[in-house]
Amino acid sequence: MELLLGEVMLPRVSLAELLWCLEHALSEEQAWALCFQCCCRMRQLGPSLHAVVIKGSGSVFLHADGTASFKVHQKSAGSYVGNTQQLEEKLLEYLGVVIYEALDWGIDSQVERELSEPLEKLLSLMLKLDNEAMKLVVTLQDVIKICEDRLPRPSEAASHYKGTCRSLFTEYMELQKLLSIIQTSKEVFQHQPLALLILPLYAYLEELWPAVIRELQSGVRLHKALGPPRHRAPLQERAYSPYEMLADDIRQKRYTLRKVSHCARWTSLK
C-alpha cells in the first residue's frame with residue numbers, strides 16, 4: 001500500500017512529472033526552495049521519518065500551497081537501521097541526489113552545469129563528496145539553517161521558499177491547461193477541411209511555450225521596442241455599395257427621413 005507522508009489535501013505533482021512537463025531543469029533558486037521545503041517537512045514527520053524512502057524524483061511531491069511530501073510503500077517503514085542522526089544523513093544524501101538530478105535534467109550528458117559556490121557546497125555536504133564533508137555530521141536542521149542564512153532576511157526564509165515552490169507548481173498547472181486547450185482544439189479541427197494547415201500550428205505552439213520559458217529562466221529579458229514612431233499608411237479608398245452609402249448617410253444625418261404611418265403606406269400601395 002502506498003502512502004503520502006506529510007500530505008495535505010491539495011493538488012500535487014511529482015517532481016518527475018513536473019520536470020517532464022516543463023521540459024527544463026530546475027533553477028538554482030527552485031533547487032534551494034525544494035531542499036528547504038523537503039527538509040522542513042521531514043522534520044515535522046517525527047517518528048514517521050523512518051517510513052520515508054526517497055527513490056528518485058518520482059517519490060518527491062510538490063503541492064499547490066508550496067509544501068512538499070513523500071511517497072513510500074508501507075512495507076518500507078522501519079527499513080532504516082540506526083539512530084535518528086544516521087537516518088537524517090541518509091535521507092539528506094538521497095534528497096541531494098534528487099536535487100542534483102533535477103538541476104541537471106534535460107542537459108546533455110557531456111555538458112556539466114556550473115552551479116554557484118553556495119549551492120555546490122550544500123550539495124557536497126549532503127552527498128558527502130569530499131573528505132571534509134565525510135567527517136561532518138549533517139542534520140536536517142543544519143541544511144535548513146544553511147538555506148536560511150543565504151537570504152538577506154533569514155527570518156523570511158519560510159515564506160520565500162514556500163512562495164517559490166508555489167510559483168513552480170502554478171507554472172506547471174498553467175502549462176498543463178495550455179496543452180489541454182491545444183489538444184482539445186486539435187481534436188476539434190482534426191476532421192475539418194483546414195486540418196492540414198491548423199494541426200501543424202498547434203504542434204508548433206506545444207514546442208514553443210516550453211522554449212520561451214527556458215529562455216526567460218536563463219536570463220533573457222524582453223526589451224521595449226525602440227525607434228522612430230511608425231506612421232500608418234493612408235487607407236486606400238474603395239467603392240461603396242449603394243446600401244453602404246445609404247447607411248453612411250443615415251449615420252452622418254445628412255438627410256432627414258420623414259415618418260410614414262402604416263395606414264399611409266397601404267393607401268399609397270392601393
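As recorded by an unreviewed UniProt entry, the protein chain carries the name SPIR1 protein and is attributed to Crypturellus undulatus. Per its UniProt entry, the protein chain bears the Sequence similarities (unreviewed entry) comment "Belongs to the spire family."

Visitor: Give a description of the overall build of the protein chain that names residues and reports values.
Guide: Helix and strand counts for the protein chain stand at ten helices and four strands. Each helix and strand of the protein chain, ordered N terminal to C terminal, gives the series β-β-α-α-β-β-α-α-α-α-α-α-α-α. Classification of the 270 residues of the protein chain by burial places 34% in the buried group. Intrachain contacts of the protein chain at a sequence separation of at least 6 include 75% that bridge at least 24 residues. When the accessible area of the protein chain is evaluated, it comes to approximately 18,800 Å², of which 56% is carbon and sulfur surface.

Visitor: For the packing of helix α2 (residues 28-45) against helix α4 (residues 117-127), give the residues involved together with the corresponding values.
Guide: The interhelical angle for the contact between α2 and α4, taken along N-to-C directions, is 40°, at an axis separation of 11 Å. For the element pair α2 and α4, the recorded crossing hand is left-handed. Residues Glu28, Ala31, Trp32 and Cys35 of α2 form the contact with α4, whose participating residues are Pro118, Leu119, Leu122 and Met126. Residues that form the contact of α2 with α4 fall into these classes: seven nonpolar, no polar and one charged.

Visitor: Could you give me a rundown of the environment of Cys38, with the residues and numbers involved?
Guide: On the secondary structure map, Cys38 appears in helix α2. Distance from Cys38 to Ala68, taken between C-alpha atoms, is 5.7 Å for residues 30 residues apart in sequence. If we skip the residues at most four places from it in the chain, Cys38 touches Val60, Ala68, Phe70 and Leu95.

Visitor: Outline the packing of aromatic side chains, supporting the account with residue identities and numerical values.
Guide: One pass over the structure, following the stated rule, counts two aromatic pairs. With centroids separated by 4.8 Å and ring planes inclined at 35°, the aromatic side chains of Phe36 and Tyr161 adopt a geometry described as tilted. Placement of Phe36 in helix α2 and of Tyr161 in helix α7 (residues 157-189) is noted, with a sequence separation of 125 residues between them. With respect to burial, Phe36 and Tyr161 carry one shared label: buried. A ring pair is formed by Phe169 and Tyr172, whose centres lie 6.3 Å apart and whose planes are at 50°; its orientation type is tilted. Of the two residues, Phe169 and Tyr172 both sit in helix α7, three residues apart, roughly one turn of that helix. Grouping residues by exposure puts Phe169 and Tyr172 together as buried.

Visitor: Could you give me a rundown of the side chain of Thr164, with the residues and numbers involved?
Guide: Mapped onto the secondary structure, Thr164 falls in helix α7. Among the residues examined, Thr164 registers a relative accessible area of 16% and is labelled buried. Here Thr164 is in contact with Glu29, Gln30 and Ala33, once residues within four sequence places are set aside.

Visitor: Let's hear about the pairing of strand β3 (residues 60-63): which residues, and what values?
Guide: Neither face of β3 is open: one carries Val60 and Leu62, the other Phe61 and His63, and all of them are buried. The pairing of strand β2 (residues 12-14) with β3 spans three bridges and is classified as antiparallel. Each bridged residue has a counterpart across the sheet, and for Ser14 the counterpart in β3 is Phe61.

Visitor: Outline the packing of α2 against helix α3 (residues 84-103), listing residues and values.
Guide: Running from N to C, α2 and α3 point in directions that differ by 155°, and their axes come no closer than 10 Å. Judged by the angle between their axes, α2 and α3 are roughly antiparallel. Taken as a pair, α2 and α3 cross one another with a handedness that is right-handed. Across the interface between the two elements, Glu28, Ala31, Leu34, Cys35, Cys38, Cys39 and Met42 of α2 pack against Leu91, Leu92, Leu95, Ile99 and Leu103 of α3. Tallied by class, the residues present in the contact of α2 with α3 amount to eleven nonpolar, no polar and one charged.

Visitor: Please give an account of empty space enclosed by the protein that cites residues and values.
Guide: The tally for this structure, following the rule as stated, stands at one cavity of 30 Å³ or more. By volume, the largest cavity amounts to about 50 Å³. The wall of the largest cavity is formed by Tyr100, Leu103, Asp104, Glu112, Arg113 and Leu115. Tallied by class, the residues present in the lining of the largest cavity amount to three nonpolar, no polar and three charged.

Here is what the cut-offs are and how they apply
One numbering rule holds for all chains: residues counted from 1, following each sequence as written. It should be noted that, the model being predicted, local features are given only for residues of pLDDT at least 70 and side-chain atom pairs only at 80 or more, the latter also being counted only at that level, while totals for whole chains, interfaces and linings use all residues. Heavy atoms throughout the structure, all of them, feed into the side-chain values; hydrogens and water do not. UniProt positions are given in the numbering used here, feature names are shortened, and annotations may be inferred rather than shown by experiment. Secondary structure is summarised from DSSP: a helix means a run of H or I of at least four residues, a strand means a run of E of at least two, and numbering begins at the N terminus for each. Burial classes: relative accessible area under 20% of the type maximum marks a residue as buried, over 50% as exposed, and values in between as partly exposed (1.4 Å probe, protein chains only). It only takes one pair of heavy atoms within 4.5 Å for two residues to be counted as in contact. Computed with the Shrake-Rupley method and a 1.4 Å probe, the accessible areas treat only the protein chains shown as cover for residues. Every angle, taken between N-to-C directions, lies between 0 and 180 degrees, and every axis is a line fitted to C-alpha atoms, over only the stretch in contact when it is a helix. By the definition used in this description, the sense in which the near helix is turned from the far one sets the handedness, with an anticlockwise turn below a right angle giving left-handed and a clockwise turn giving right-handed. Amino acids are sorted into nonpolar (Ala, Val, Leu, Ile, Met, Phe, Trp, Tyr, Cys and Pro), charged (Asp, Glu, Lys and Arg) and polar (every other residue, Gly among them). For Phe, Tyr and Trp, rings pair up if their centres lie within 6.5 Å, where Trp contributes its six-membered ring, and each pair is then called stacked (planes under 30 degrees apart), edge-to-face (over 60) or tilted (otherwise). Should DSSP find at least two bridges between two strands, the strands are regarded as paired. Note that the term roughly parallel is reserved for angles under 35 degrees, roughly antiparallel for angles over 145, roughly perpendicular for angles of 65 to 115, and oblique for everything else. Put plainly, a pocket is an open set of points on a 1 Å grid over the protein atoms alone with protein on both sides within 12 Å along at least five of seven lines, a cavity is a set where a 1.4 Å probe fits but cannot get out, and a lining residue has an atom within 4 Å of a point. Grid points are joined across faces, edges and corners, and a volume is the space filled by probe spheres set on the points.

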